[in-house]
Amino acid sequence: MARRAVGGSGPQGEDFSFVSPLVKYVLFFFNALFWMISMVMVAVGVYARLLKHAEAAMACLAVDPAILLVVVGILTFLITFCGCVGSLRENICLLQTFSVCLTVVFLLQLAAGVLGFVFSDKARGKVSEIINGAIVHYRDDLDLQNLIDFGQKEFSCCGGVSYKDWSQNMYFNCTPLNPSRERCSVPFSCCLQDTHQAVINTMCGRGMQAMGYLEASAFIHTNGCIDKLVNWTHGNLFLLGGITLGLAVPQLVGILLAQILINQINDQIKLQLYNQQHRADPWY
């Protein structure tokens, strides 16, 4: 009678399944959402790359926002593809791949945050290196140019350490042999904002590197963006913590749902094997 209860119309009969439809489809739609977002990211990144001239495109691959968008989009696409198909097809291999990849990404983010906090001086040096590289390629990439201009206007800063860092750019270089019309200048985004000015004067930074700090400060922001960025980070730790938590929660939810579904699929496989082994039993 005990065997009949196991294989008959009881809770573990032929129609019973350990796999919860709620867990399965929540995980599927969770991944489908990010899967579509990743495809949009890749499409936008590829489109942005195709719009650029070949020479400019090859000159600054390391600091190209479009490349970063494509790389992040492809990684997200591959991870969420495993999650989508794995949950829909109840494939343990794909679900394990999704879970492991998501765990690695989460741990890398956590390690980057901890290392950035512990080794703040080295992190500052790396940020300085990135900003200086972006300054060098300012005129080579329109996306990078717009990004730098946006940052300098938002943080009211100019250059990396100071406005004279713009001499690293071949167009703004202050050497007497530089034939550029922008020699010794800085981008217009360094200029002090005039709220009453209807048209932006893009030549407002002309010749500013030839001036001293006190003289130039009447026209442009002389402080570098590195110190401004560091000060903004220290003053917005709660905001950054909230953003980090907002990024971490979906990852942890995805990992948790994937592991729950994997355990349910394993239980279902065990149940099917049990039923197959006892199907020939006359008491089953």
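Keep in mind it's a predicted model, so treat the numbers as computed, not measured.

Caption draft 1: Here's a closer look at a nonpolar patch on the surface. On the surface, a nonpolar cluster with roughly 440 Å² of combined accessible area is contributed by Leu-33, Phe-34, Met-36, Ile-37 and Met-39. Checked against the element boundaries, Ile-37 lands in helix H2 (residues 21-50). Of the residues examined, Ile-37 reaches a relative accessible area of 38% and is grouped as partly exposed.

Caption draft 2: Quick peek at helix H7 (residues 142-155). Helix length check: H7, at 14 residues, gives a terminal C-alpha distance of 20 Å against a target of 20 Å (1.5 Å per residue), a fit within 8%. All of the buried residues in H7 are Leu-144, Gln-145, Ile-148, Asp-149, Gly-151 and Gln-152. Projection of H7 onto a plane perpendicular to its axis shows the buried side chains occupying an angular sector of 165°, all on one side. What points out from H7, more than 90 degrees from its buried face, is the exposed set Leu-142, Phe-150 and Glu-154. Those residues of H7 hidden inside the fold are in contact with helix H4 (65-89), helix H6 (120-136) and helix H9 (225-235). Looking one or two residues beyond H7, the residue adopting positive phi is Ser-156, at roughly 50°.

Caption draft 3: Structural context of the packing of aromatic side chains. Counted by the stated rule, this structure contains 10 aromatic pairs. Aromatic pair Trp-166 and Phe-172: ring centres 5.5 Å apart, planes at 75°, arrangement edge-to-face. Taken together, the aromatic side chains of Trp-35, Phe-77 and Phe-81 make up a single cluster linked through ring pairs.

Caption draft 4: Geometry of the side chain of Asn-173. Here Asn-173 shows up in the loop between H7 and helix H8 (213-216). A distance of 2.9 Å separates the side chain of Asn-173 from the backbone oxygen of Ser-167, its partner in a polar contact. In this structure the side chain of Asn-173 is engaged in a polar contact, spanning 2.5 Å, whose partner is the side chain of Thr-175. Asn-173 has contacts with Trp-166, Ser-167, Asn-178, Arg-183 and Cys-184, leaving out every residue within four places of it along the chain.

Caption draft 5: Structural view of the UniProt feature "transmembrane region" (unreviewed entry) in the protein. In the numbering used here, UniProt assigns the "transmembrane region" (unreviewed entry) feature to residues 25-48, 60-88, 94-119 and 237-262. Helix and strand shares over residues 25-48 are 100% and 0% respectively, and the end C-alpha atoms of the span are 34 Å apart.

Caption draft 6: Here's a closer look at the environment of Leu-69. As for its placement among the helices and strands, Leu-69 is situated in helix H4. When the C-alpha atoms of Leu-69 and Gly-45 are compared, they prove to be 5.4 Å apart, with 24 residues separating the residues in sequence. With residues up to four places along the chain from it excluded, the contact list for Leu-69 reads Met-41, Val-44 and Gly-45.

Caption draft 7: Examining the pattern of salt bridges more closely. Per the counting criterion, the structure on display carries 3 salt bridges. Lys-126 is paired through a salt bridge with Glu-129; the nearest N and O atoms lie 3.8 Å apart. Separated by 3 residues within a single helix, Lys-126 and Glu-129 lie in helix H6, roughly one turn from each other. Taking the shortest distance from any N to any O, the salt bridge between Arg-139 and Glu-182 comes out at 2.4 Å. Placement of the pair is Arg-139 in the loop between H6 and H7 and Glu-182 in the loop between H7 and H8, with a sequence separation of 43 residues.

Caption draft 8: How the structure looks around the side chain of Ser-99. Along the chain, the position of Ser-99 falls in helix H5 (residues 92-118). Every residue in contact with Ser-99, bar those within four places of it in the chain, is listed here: Ile-255, Ala-258 and Gln-259.

Caption draft 9: Molecular detail of the packing of H2 against helix H10 (residues 237-278). H10 packs onto H2 with a crossing angle of 140° between their chain directions and a minimal axis gap of 10 Å. Relative to H10, the element H2 lies oblique. As H2 runs across H10, the sense of the crossing is left-handed. Here H2 contributes Val-23, Lys-24, Val-26, Leu-27, Phe-30 and Phe-34 to the contact with H10, which in turn contributes Pro-250, Gly-254, Leu-257, Ala-258, Ile-260, Leu-261 and Gln-264. In terms of residue class, the contact of H2 with H10 is built from 10 nonpolar, 2 polar and 1 charged.

Calculation notes
Residue numbers run consecutively from 1 along every chain, following the written order of its sequence. Note on the predicted model: pLDDT of at least 70 is required for a residue's local features to be given, and 80 or more for side-chain atom pairs to be given and counted; whole-chain, interface and lining totals, by contrast, use all residues. Working from all heavy atoms in the structure, the side-chain values ignore hydrogens and water. Exposure above 30% relative accessible area and the lack of any salt bridge qualify a residue for a patch; like charges then connect within 9 Å, and the nonpolar side chains Val, Leu, Ile, Met, Phe, Trp and Tyr within 5 Å. Throughout, the Shrake-Rupley method with a 1.4 Å probe supplies accessible areas, and for residues the shown protein chains are the sole cover considered. By salt bridge we mean one thing: a side-chain nitrogen of Lys or Arg within 4 Å of a carboxyl oxygen of Asp or Glu. Secondary structure is summarised from DSSP: a helix means a run of H or I of at least four residues, a strand means a run of E of at least two, and numbering begins at the N terminus for each. Burial classes follow relative accessibility: with a 1.4 Å probe on protein chains only, a residue under 20% of its type's maximum area counts as buried, one over 50% as exposed, and anything between as partly exposed. What a helix is expected to span follows from its residue count: subtract one and scale by 1.5 Å. The arc refers to the directions leading from the helix axis to the C-beta atoms. Only heavy atoms matter for contacts: two residues are in contact if any of them lie within 4.5 Å across the pair. In summary, the pairing rule links any two rings of Phe, Tyr or Trp, Trp by its six-membered ring, whose centres are within 6.5 Å, and it sorts them by plane angle into stacked for under 30 degrees, edge-to-face for over 60 and tilted for everything else. Any pair of nitrogen or oxygen atoms within 3.5 Å is treated as a polar contact; in protein, a donor-acceptor pairing is required on top of that, and neighbouring residues in sequence qualify only through side-chain atoms on both sides. UniProt positions are given in the numbering used here, feature names are shortened, and annotations may be inferred rather than shown by experiment. Only the stretch in contact is used when fitting a helix axis, every axis being a line fitted to C-alpha atoms; angles between N-to-C directions are given from 0 to 180 degrees. When an angle is under 35 degrees it counts as roughly parallel; over 145 it counts as roughly antiparallel; between 65 and 115 it counts as roughly perpendicular; any other value is oblique. Crossing handedness is read from the near helix: turned anticlockwise from the far helix by less than a right angle, it gives a left-handed crossing, and turned clockwise, a right-handed one. Under this grouping Gly is polar, as are all residues other than the nonpolar Ala, Val, Leu, Ile, Met, Phe, Trp, Tyr, Cys and Pro and the charged Asp, Glu, Lys and Arg.

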